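Architecture at a glance
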Amino acid sequence: MSKIKTIGVLTSGGDAPGMNAAIRAVTRSGICNGFTVKGIYRGYEGLINGEVKTFTTEDVSGIITRGGTILKTARSKDFMTPEGKKKAFEVCKKEEIDALIVIGGNGSLTGAWEFGTEYDFPVIGIPCTIDNDLYGTDSTIGYDTTMNTIMECVDRIRDTANSHERIFFVEVMGRDAGFLAQNCAIACGAEAAIVPEETTDVDQLAEFMARGIRKSKKSCIVIVSESPKCGALYYADRVKKEFPNFDVRVSILGHLQRGGSPSAMDRVFASCMGVGAIRAIMQGQRNVMVGYRNDDVVYVPFSECIRTDKRFDKRLITVLNELSI
Ligand code: F6P
């Protein structure tokens, strides 16, 4: 039997639609199963500073529909230091928090793993990032909503691209992963996607132009993964130089991709994973991420999900290429 009585929950890193649904699920399932649930504000930063509040079921009423996170979030530099982790551990002791549930992406779960290991503290992770770049779960919370948001934006861009017969380079987020770009390109009927997983060995722009798409199409949409050096602006400049007769425009979608009410899918993922996190604590699990695979909740050791790269399915490139002729 687990001796855990009080569970702390925090959101960390970039916010993602569905974070609130996950907070709600953890809180309600925790209370339902006899735990005290404490909300920790501003991620690890708030943990270090003792920004803690005991949650009731009412505190999480009406939040399943809301984007962002009621707990606020932060990317904490302090928590990456031994002193920061020590302070966080002291706050856990003071607040009588016996286990932590961390809702966030790759960096946040790495912090969770380090903290859990160094302090022999039970920590459970819930994968929540628009990037979908965590191994061990088919989807991260937030990814589906963001794909839908991008799709809506690109559908609108297509109207103007068609009307003016232009090439649009649309830049989407994803950090250094191309899941959002590749899948959104398919969903939007885009002519091409430029993703980090392919840039090492081929010139994706040259390949795209060589396909002669411009000859048969009125407009072109190319979805480009964000990148400090070769994002949408880089490719647009190249086309302007190499093909000066083409009318080229750029649209960088930016943070509007992260906001908005979560999709039905993300609400379901968040609810199941939140309940799954409480189950994990009841079973005495620690240092695991709750994942969702083949319609089932699974538990993946942090060591595995942090160290393993999520596979980028290159067959999706063929799907896009064949359908964009
Ligand atoms: O990890 C989520 C994410 O939105 C990435 O796609 C993006 O690169 C990054 O966060 C942006 O972070 P910030 O909001 O701190 O600029």
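Look up: the structure comes first, before these words.
The rules behind each value
Within any chain, residue numbers begin from 1 and follow the written order of that chain's sequence. Note on the predicted model: pLDDT of at least 70 is required for a residue's local features to be given, and 80 or more for side-chain atom pairs to be given and counted; whole-chain, interface and lining totals, by contrast, use all residues. Excluded from the side-chain calculation are hydrogens and water; included are all heavy atoms of the structure. Helix numbering and strand numbering both begin at the N terminus, where a helix is a DSSP run of H or I of at least 4 residues and a strand a DSSP run of E of at least 2. The globule rule is 2.2 Å times the number of residues to the power 0.38, and the radius of gyration it is compared with is taken over C-alpha atoms. Note on contacts: a residue pair qualifies if any of its non-hydrogen atoms lie within 4.5 Å across the two residues. Areas reported as accessible are Shrake-Rupley estimates using a 1.4 Å probe. Residue values count occlusion only from the protein chains shown. His is not counted here, nor are the chain ends, while Lys and Arg score as positive and Asp and Glu score as negative. For charged residues, the charge sits on one atom: NZ in Lys, CZ in Arg, CG in Asp, CD in Glu. Near is defined per residue: the residue qualifies when any heavy atom it owns lies within 4 Å of the molecule or strand. Whenever two N or O atoms come within 3.5 Å, that pair is a polar contact, provided that in protein one can donate a hydrogen and the other can accept it, and provided that, for residues adjacent in sequence, both atoms are side-chain atoms. A pair of strands is labelled paired if DSSP reports no fewer than 2 bridges between them. Here the axes come from fitting lines to C-alpha atoms, over the contacting stretch only for helices, and the angles between their N-to-C directions go from 0 to 180 degrees. We define the nonpolar core as a collection of buried residues of types Ala, Val, Leu, Ile, Met, Phe, Trp, Tyr and Cys that are connected through side-chain atoms lying within 4.5 Å of one another. Burial classification: accessible surface area is computed with a 1.4 Å probe over protein chains only, and a residue below 20% of its type maximum counts as buried, one above 50% as exposed, and the rest as partly exposed. A side-chain nitrogen of Lys or Arg and a carboxyl oxygen of Asp or Glu constitute a salt bridge if their distance falls within 4 Å.

**So, the overall build of the protein chain**
The number of helices and strands found in the protein chain is 12 helices and 11 strands. Here the C-alpha radius of gyration of the protein chain, 22 Å, is about what a compact globule of 325 residues would show, namely 20 Å. Expressed along its principal axes, the backbone C-alpha trace of the protein chain runs to roughly 70 × 35 × 35 Å. Relative to all contacts within the protein chain whose residues are 6 or more apart in sequence, the contacts with residues 24 or more apart total 74%. Counting only carbon and sulfur atoms, one obtains 51% of the accessible surface of the protein chain, whose full area is about 14,500 Å². Within the protein chain, one finds 40 positive and 41 negative side-chain charges whose respective centroids are separated by 3 Å.

**Regarding the environment of V52**
Residue placement: V52 occurs in strand β3 (residues 52-54). With 127 residues separating them along the chain, V52 and F179 place their C-alpha atoms 35 Å apart. Filtering out sequence-adjacent residues up to four positions away, V52 remains in contact with K38, G39, I40, V91, E95 and I97.

**Some points on the site of the ligand**
Within the structure, the ligand sits among R75, T129, I130, D131, M173, G174, R175, E226, H255 and R258. Contact between the ligand and R175: an oxygen atom at 3.3 Å from a side-chain N or O atom of the residue. In this structure, an oxygen atom belonging to the ligand sits 2.8 Å away from a side-chain N or O atom of R258. Computed on the free molecule, the ligand has an accessible area of 400 Å², of which 74% lies beneath the protein chains in the complex.

**Some words on the sheet that holds strand β9 (residues 248-252)**
Spatially, 4 strands are ordered β7-β8-β6-β9 in an open sheet, and the strand pairing comes out parallel. Looking at the sheet topology across the chains shown, the edges are occupied by β7 (192-194) and β9. The average undirected angle you get between the axes of adjacent strands in this sheet is 20 degrees. Examined bridge by bridge, strand β6 (residues 167-172) and strand β8 (residues 220-225) share 6 bridges and lie parallel to one another. Across the sheet, residue I167 finds its bridge partner in β8, namely C220.

**Topic: the side chain of T27**
Mapped onto the elements, T27 comes out in helix α1 (residues 19-32). A polar contact of 2.7 Å, which involves the side chain of T27, links it to the backbone oxygen of I23. Contacts of T27, omitting those with residues within four sequence positions, involve V37, F55, T56 and V60.

**Section: the nonpolar core**
A general tendency of soluble globular proteins is for nonpolar side chains to be buried together. Core analysis: the biggest nonpolar cluster contains 60 residues, and I101, I103, I221 and I223 have the highest contact counts within it. With residues near it in sequence (within four places) discarded, I221 still touches V154, I157, R158, A161, F168, V170, A190, E191 and A192. Within the second largest apolar cluster, 27 residues are counted, among which are L10, F89, V300 and I306.

**Quick word on the pattern of salt bridges**
The tally for this structure, following the rule as stated, stands at 14 salt bridges. For the salt bridge of D15 with R258, the shortest nitrogen-to-oxygen distance reads 3.0 Å. Of this pair, D15 sits in the loop between β1 (6-11) and α1 while R258 sits in the loop between β9 and α10 (264-282), and the two are 243 residues apart along the sequence. By relative accessible area, which is 17% here, D15 ends up buried. With its nearest N and O atoms 3.1 Å apart, the salt bridge here joins E114 to K85. Of this pair, E114 sits in helix α4 (residues 106-118) while K85 sits in helix α3 (residues 82-94); the two residues are 29 residues apart in sequence, bridging distant segments of the chain. Overlapping salt bridges bring together R166, D247 and R249 as one network.

**Regarding the sheet that holds strand β11 (residues 296-301)**
Read from one edge of the open sheet, 7 strands run β3-β2-β1-β4-β5-β10-β11, paired in mixed fashion. Only two strands of the sheet have a single neighbouring strand rather than two, namely β3 and β11. In this sheet, neighbouring strand axes are inclined to one another by 25 degrees on average, regardless of whether the strands run parallel or antiparallel. As defined by bridge partners, strand β5 (residues 123-127) adjoins strand β10 (residues 288-293) across 2 bridges and the pair is classed as parallel. By the bridge assignment for β10, I124 is matched with V288. Its contacts with the sheet place α1 against β1, β2 (36-40), β4 (99-104) and β5, and it is angled at close to 160 degrees to β4.

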